Amino acid sequence: PRHNQDYGKLVVIVDIIDQARALCDAPDMTRKPMYFKRLAITEFVIDISKSPNKKTLIAALNSSKAFEKFAESAWGKKLAAKKAKAASTDFSRFKAMIAKKAKSAKIKAALK
């Protein structure tokens, strides 16, 4: 999902409602309809039947390792970095700035 409180969550399309909406589910959320225009479709496919129960869905996710594969992809790493940056504190940003300055100084010294 690309908007609201579900932004960045990975969901599985378990059924098609109509041309604009799909029924989506994930291990940590309740099953609900979502508009296709709010979803960003990935290449990861899970072999499940139409509208499986939660237990079957979780078993299929664990066996396919789709969420783990997504986390290893460039897109997943980008979302994780964005989430980590949003959760960072003022002091952690300060430490990152100091580390960046030190690294830059070492590179400049090595190039001289």
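Now for a quick tour of the structure. (Residues numbered from 1 in each chain as written. Predicted model: local features only at pLDDT ≥ 70, side-chain atom pairs only at ≥ 80, totals over all residues. Heavy atoms only, no water.)

Remarks on the pairing of strand 1 (residues 12-16)
1) Next: Bridge count for strand 1 against strand 2 (residues 21-26) is four bridges, and the pairing is antiparallel. Within strand 2, the residue paired with isoleucine 16 across the bridge is alanine 22.
2) Next: Between strand 1 and strand 2, which pair antiparallel one after the other, the connecting turn spans four residues. (Pairing = 2+ DSSP bridges. Helix = DSSP H or I, 4+ residues; strand = E, 2+ residues; numbered from the N terminus.)

Observations concerning the pattern of salt bridges
1) Next: All told, the structure shown has seven salt bridges when counted by the stated rule.
2) Next: Taken together, the salt bridges that share partners define one network made up of Asp6, Lys9 and Lys32. (Salt bridge = Lys/Arg side-chain N within 4 Å of Asp/Glu carboxyl O.)

Some points on helix 1 (residues 54-64)
1) Next: Taken as a whole, helix 1 has its buried residues at Leu57, Ala60, Leu61 and Ser64. Looking straight down helix 1, one finds that the buried residues subtend no more than 100° of arc, so they occupy a single side. Across from the buried face of helix 1, at angles greater than 90 degrees, the exposed residues are Lys55 and Ser63.
2) Next: Those residues of helix 1 hidden inside the fold are in contact with strand 1, strand 2 and helix 2 (66-72).
3) Next: Downstream of helix 1 by a residue or two, lysine 65 has a phi angle that is positive, lying close to 55°. (Buried < 20%, exposed > 50% of the residue type's maximum accessible area, 1.4 Å probe, protein only. Arc of directions from axis to C-beta. Contact = heavy atoms within 4.5 Å.)

On their own, these measurements won't tell you what the molecule is for.
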